[in-house]
Amino acid sequence: MSLLFGTAEFNEKDHLVIGGCDTTELAEKYGTPLFIYDVAHIREKARGFKRTLDELGIKNKVVYASKAFGCLAMYKLLEEESLGCDVVSGGELYTALKGGMTPANIEFHGNNKLKSELELALDSQIGMIIVDNFYELELLEELTTAKGVTQDVMLRVTPGVDAETHDYILTGQVDSKFGFDVNSGQATKAMQKVAAAKGLTLKGIHCHIGSQIFSSEGFLVAVERMVAILEEWKADYGYTAEVLNMGGGFGIQYTENDTPLEPEKFVQAIVEAVKGQCSLQDYPLPELWIEPGRSIVAEAGTTLYTVGSQKDIPEVRHYVSVDGGMGDNIRPALYSAEYTGMLANRISDRNMENVAVVGKYCESGDILIKDIKLPEMVSGDLFAMTSTGAYGYSMASNYNRNPRPAVVFVENGEDKLVIRRETYDDLISLDCE
């Protein structure tokens, strides 16, 4: 059974329709591969987080994690929905500002922020910098002193929580490249340094335990440890946090086998845990921030491909090649991410067989879906891979000198090109003879 999200449906012509737009017409207009984003679905997810937090009666802020997918149109949409955003590079920060994001609603992450990136952040007067290490702390103190400015910061701490996810997207455990370790005393030392710095104001602490998490258990343990360290700082140093940022990582559905907790359930569990721990510790309830990224855009995205060659090895495997692959979705090759999909130009349950959908790149690991049951296909058919809205385009490359795809937003029967397809001239535009 095909997974359909948001406004996706099949019309009377048996064509996949998203946002009221026929995908076969989108393919003809923009070509393939093509990223299609269901704007109404993005809005629904964004509003759902905010609504749930408001209904639970806690001061809050929803901050979109830009690394999932960012472009000028995406930041414009976030601003329309009154969401903040986090950025992890000067490029993301520059794009967010150009896209119309309110600087005060931008926070800056990263484990090795460059001096030039921090200068851009300070000059742009962004709302928050999430300090990740002592090197950055010293650099930031130096820059704020030189510029004569004061910057709000949070400390990213690693609370020592092992969430149930892939090792490559696990970030809250002790052995992590991110943040100040709590157990060794690094976090406390960092807090003392910020308190002594004239140009920095410590607003609170932040943690992120991982991505694509299906259970709330890891978050509950993280909340307990985060509130415990705050209570320790209050008792020993008289510091009280205004903000507790619990990060993101809420899982989404990629295949029929995925059973993630609804985002609202994650939020409810986190809020109840924060309230409970603060009450238990007699700690003032801080403002709660969360950073959903994948859970806002992943299911809203669909990648449309055109079927090309096929190779059938009897009793072994039937390969179906499409005109994209690891250049527009590295996740299957990078950490065995699983997806599903369907024919977009016709519904059929005839001659169904297990096939592997593979890309056109010169790598044996360029396999988008290793095993999926699909009807017999011919060259020119359109294949739609679902839940590709996060970490598809944002991790895209020009491997084999292939141009990156176009991206369109669809809503209420209208389509809008938000990132044009690269050309061959684009591929050589930075080359020097």
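Above: the structure in question.
Being a predicted model, the structure only gives us computed values, none of them experimental.

Rules used throughout
- Residues numbered from 1 in each chain as written.
- Predicted model: local features only at pLDDT ≥ 70, side-chain atom pairs only at ≥ 80, totals over all residues.
- Heavy atoms only, no water.
- Axes fitted to C-alpha atoms, helices over the stretch in contact; angles between N-to-C directions.
- Helix = DSSP H or I, 4+ residues; strand = E, 2+ residues; numbered from the N terminus.
- Parallel < 35°, antiparallel > 145°, perpendicular 65-115°, else oblique.
- Left-handed = near helix turned anticlockwise from the far one by under 90°.
- Contact = heavy atoms within 4.5 Å.
- Expected span 1.5 Å × (residues − 1).
- Buried < 20%, exposed > 50% of the residue type's maximum accessible area, 1.4 Å probe, protein only.
- Arc of directions from axis to C-beta.
- Salt bridge = Lys/Arg side-chain N within 4 Å of Asp/Glu carboxyl O.
- Disulfide = S-S within 2.5 Å.
- Core = buried A, V, L, I, M, F, W, Y, C linked by side-chain atoms within 4.5 Å.
- Pairing = 2+ DSSP bridges.

## Thoughts on the packing of helix α2 (residues 39–55) against helix α3 (residues 72–80)
Where α2 meets α3, the axes come as close as 11 Å, and the angle between the chain directions of the two elements is 45°. Compared by their axis directions, α2 and α3 come out oblique. Considering only the axes of α2 and α3, their crossing is right-handed. Each of V39, I42 and R43 in α2 lies in contact with α3, whose residues at this interface are M74, L77 and E80.

## As for helix α6 (residues 134–147)
An ideal rise of 1.5 Å per residue puts 20 Å on 14 residues; α6 measures up with 20 Å between its terminal C-alpha atoms. Those residues of α6 that fall on the buried side of the exposure criterion are E136, L137, L139, L140, L143 and T144. The buried residues of α6 all sit within an arc of 165° when viewed along its axis, so they share a single face. The outward face of α6, more than 90 degrees from its buried face, is lined by the exposed residues Y135, E138, T145 and A146. On its buried side, α6 packs onto α5 (115–123), β8 (128–131), β9 (151–158), α7 (186–196) and β11 (200–206).

## Some points on the pattern of salt bridges
Under the criterion given, the structure shown has 16 salt bridges. Through salt bridges with shared partners, one network takes in R43, R47, K76, E80, E81 and E411.

## Describing the state of the cysteines
Tallying each qualifying case throughout the model produces zero disulfides. C21 takes part in no disulfide bond, and the closest cysteine sulfur, belonging to C71, lies 17 Å away. You can call C21 buried: its relative accessible area is 5%. You can see C278 has no disulfide; the closest cysteine sulfur is in C207, sitting 13 Å from it.

## Re the nonpolar core
Counting residues in each nonpolar core, the largest one holds 105 residues, and the members touching the most others are F69, M74, I129, L155, V297 and F409. Among the elements that line this core, the one with the most residues is helix α8 (residues 217–237), at eight residues. Leaving out residues up to four positions away in the same chain, V297 has contacts with Y37, I42, Y64, A68, F69, M74, G389 and A390. I18, L34, M342 and A344 belong to the second-largest nonpolar core, a separate cluster that totals 17 residues.

## Here we look at α5
Residues spaced three or four apart along an α-helix point in a common direction, a consequence of the helix completing one turn every 3.6 residues. Buried within α5 we find E117, L118, A121 and L122. For α5, the angular spread of buried residues about the axis comes to 135°, placing them on one side. At its buried positions, α5 is contacted by α4 (90–98), β7 (106–108), β8, α6 and β9.

## As for the sheet that holds strand β3 (residues 21–22)
Spatially, three strands are ordered β1-β2-β3 in an open sheet, and the strand pairing comes out antiparallel. Where the open sheet ends on each side, the last strands, each with one partner, are β1 (9–10) and β3. In this structure, β1 lies alongside strand β2 (residues 16–18), joined through two bridges in antiparallel fashion. In the strand pairing of β2, E9 is matched with V17.

## What to know about the environment of G210
Along the chain, the position of G210 falls in the loop between β11 and α8. A residue is classified by how much of its surface remains accessible, and G210, at 0% relative accessible area, is buried. Between the C-alpha atom of G210 and that of F250, which follows or precedes it by 40 residues, the distance is 8.7 Å.

## Observations concerning unusual backbone geometry
With an omega dihedral of -5°, the bond running from T32 to P33 counts as a cis peptide bond. By secondary structure assignment, the location of P33 is in the loop between α1 (23–30) and β4 (34–38). Backbone geometry at D14 places phi at a positive 65°, although glycine is not the residue there. Residue placement: D14 occurs in the loop between β1 and β2. Using a relative accessible area of 33% as the deciding quantity, one classes D14 as partly exposed.

## A short note on the environment of T303
For T303, the position within the fold is in strand β14 (residues 301–313). On a C-alpha basis, the gap between T303 and T95 in space is 23 Å, while along the polypeptide they are 208 residues apart. Once residues within four sequence positions are removed from consideration, T303 is found in contact with L34, F35, D328, F383, A384, M385 and T388.

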